[in-house]
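Close look at the chain arrangement
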Amino acid sequence: MDGKPLVEHTGVFSIYTADVALLPEEQIGIALLYNISPLPTNAIGLPQIRKGLIALLKGEEPQPSWMSAGLWGIFMALLTLAGVFLAVRSLLRLPDWAKQARTKPAWKLLPGILWTFVPMLMLMWGIPAMTARFGDRVFGFVNLYKSMLGIIVWLALTGVLGVINGIARIVILLRLSGGTWLADRPVLSEQEHRAGTE
């Protein structure tokens, strides 16, 4: 820190965080314990608390950061609103997509259909896998929800809308690709149904 050696270690267990910092030349050491561990706090807030506390112990003025947990929240809110807007817009444009699907081969439409499932795949498998791989620990969905609230809400909302969109597109393709059994299946009378099951 400022050209002087700094020995530090941070640890996270479930939703608890510990942070230790030592400045050997200054003979300053601090240990900070937090009973919270959300992503923006860990990435933005807690390092600023540590830096500010070290600055105060050295008799200096703490320097504010340009990024804050509040700005992170605003960013995630805007990202969520943009994702929901685009997903709803895509759902509202399904009739136009169906008209275009009549003139294009299904394989050209498949990447767009698969893309609609990406947010839900990230929510269900991507985030837990990345946390396990890079965080060296496995968290349940409750702890992931608590620690990455903004990201989980963004992926959940866009994921649900994406799955609805993807399923709707698959149904449209099945109807257009000769799967008339979905659209024009004859309705059996009750007597025909009984006769077929006996």
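Residues numbered from 1 in each chain as written. Predicted model: local features only at pLDDT ≥ 70, side-chain atom pairs only at ≥ 80, totals over all residues. Heavy atoms only, no water.

With that settled, the discussion passes to the overall build of the protein. Check the secondary structure of the protein and you find nine helices and three strands. Overall, the protein shows an N-to-C arrangement of helices and strands of β-β-β-α-α-α-α-α-α-α-α-α. For the protein, the residues scored as buried account for 28% of the 198 residues in total. Restricting the contact set of the protein to residue pairs at least 6 apart, pairs at least 24 apart contribute 53%. Working note: accessible area of the protein is about 13,400 Å², and carbon and sulfur atoms make up 67% of it. (Helix = DSSP H or I, 4+ residues; strand = E, 2+ residues; numbered from the N terminus. Buried < 20%, exposed > 50% of the residue type's maximum accessible area, 1.4 Å probe, protein only. Contact = heavy atoms within 4.5 Å. Areas by Shrake-Rupley, 256 points an atom, 1.4 Å probe, with all protein chains shown as cover.)

All right, on to the nonpolar core then. Among the nonpolar cores identified, the biggest contains 10 residues, and these are Met76, Met120, Leu123, Ile127, Phe139, Leu144, Met148, Ile151, Ile152 and Leu155. Where this core is concerned, the elements lending two or more residues are helix 5 (118–135) and helix 7 (149–176). Excluding its chain neighbours within four sequence positions, the residues that come into contact with isoleucine 151 are Leu39, Trp72, Met76 and Ile127. (Core = buried A, V, L, I, M, F, W, Y, C linked by side-chain atoms within 4.5 Å.)

The next point concerns the pairing of strand 3 (residues 28–34). Side-chain alternation along strand 3 places Ile28, Ile30, Leu32 and Tyr34 on a buried face and Gly29, Ala31 and Leu33 on a face that remains uncovered. Bridge count between strand 2 (residues 16–23) and strand 3: seven bridges; the pairing is antiparallel. Note on strand 3: the bridge partner recorded for aspartate 19 is leucine 32. (Pairing = 2+ DSSP bridges.)

It is worth spelling out the sheet that holds strand 2 at this point. The strand order 1-2-3 describes an open sheet built from three strands, whose pairing is antiparallel. If you trace the sheet from one side to the other, it starts and ends with strand 1 (7–13) and strand 3, each paired once. Each neighbouring strand pair of the sheet contributes to a mean axis angle of 5 degrees, computed without reference to strand direction. Sitting on the sheet, helix 1 (residues 39–57) touches strand 1, strand 2 and strand 3, and the angle it makes with strand 3 is about 145 degrees. (Axes fitted to C-alpha atoms, helices over the stretch in contact; angles between N-to-C directions.)

With that settled, consider unusual backbone geometry. Residue glutamine 27 is not a glycine yet carries a positive backbone phi of 55 degrees. Along the polypeptide, glutamine 27 turns up in the loop between strand 2 and strand 3. According to the relative accessible area criterion, glutamine 27 is exposed, its value standing at 75%.

A word on the environment of leucine 39. Note that leucine 39 resides in helix 1. Setting aside its immediate chain neighbours within four residues, leucine 39 contacts Trp72, Ser147, Met148 and Ile151.

With that out of the way, let us pick up a nonpolar patch on the surface. A cluster of nonpolar side chains, contributed by Trp66, Leu71, Ile74, Leu78 and Leu81, occupies part of the molecular surface with about 610 Å² of accessible area. On the secondary structure map, leucine 71 appears in helix 2 (residues 69–92). (Patch = residues over 30% accessible without salt bridge, like charges linked within 9 Å, V, L, I, M, F, W, Y side chains within 5 Å. Salt bridge = Lys/Arg side-chain N within 4 Å of Asp/Glu carboxyl O.)

Now for helix 1. With 19 residues, helix 1 extends 27 Å from end C-alpha to end C-alpha; this agrees with the ideal 27 Å at 1.5 Å per step. The principal kink in helix 1, of about 35 degrees, is found at glycine 45, preceding the proline proline 47 by one to four residues. Every buried residue of helix 1 is accounted for by Pro40, Thr41, Ile44, Leu46, Arg50, Gly52, Ile54 and Ala55. The inward-facing, buried residues of helix 1 contact strand 1, strand 2, strand 3, helix 2 and helix 6 (141–147). Glycine 59 lies just past helix 1 and shows a positive phi near 80 degrees. (Expected span 1.5 Å × (residues − 1). Bend = angle between axes of the 7 residues up to and from the residue.)

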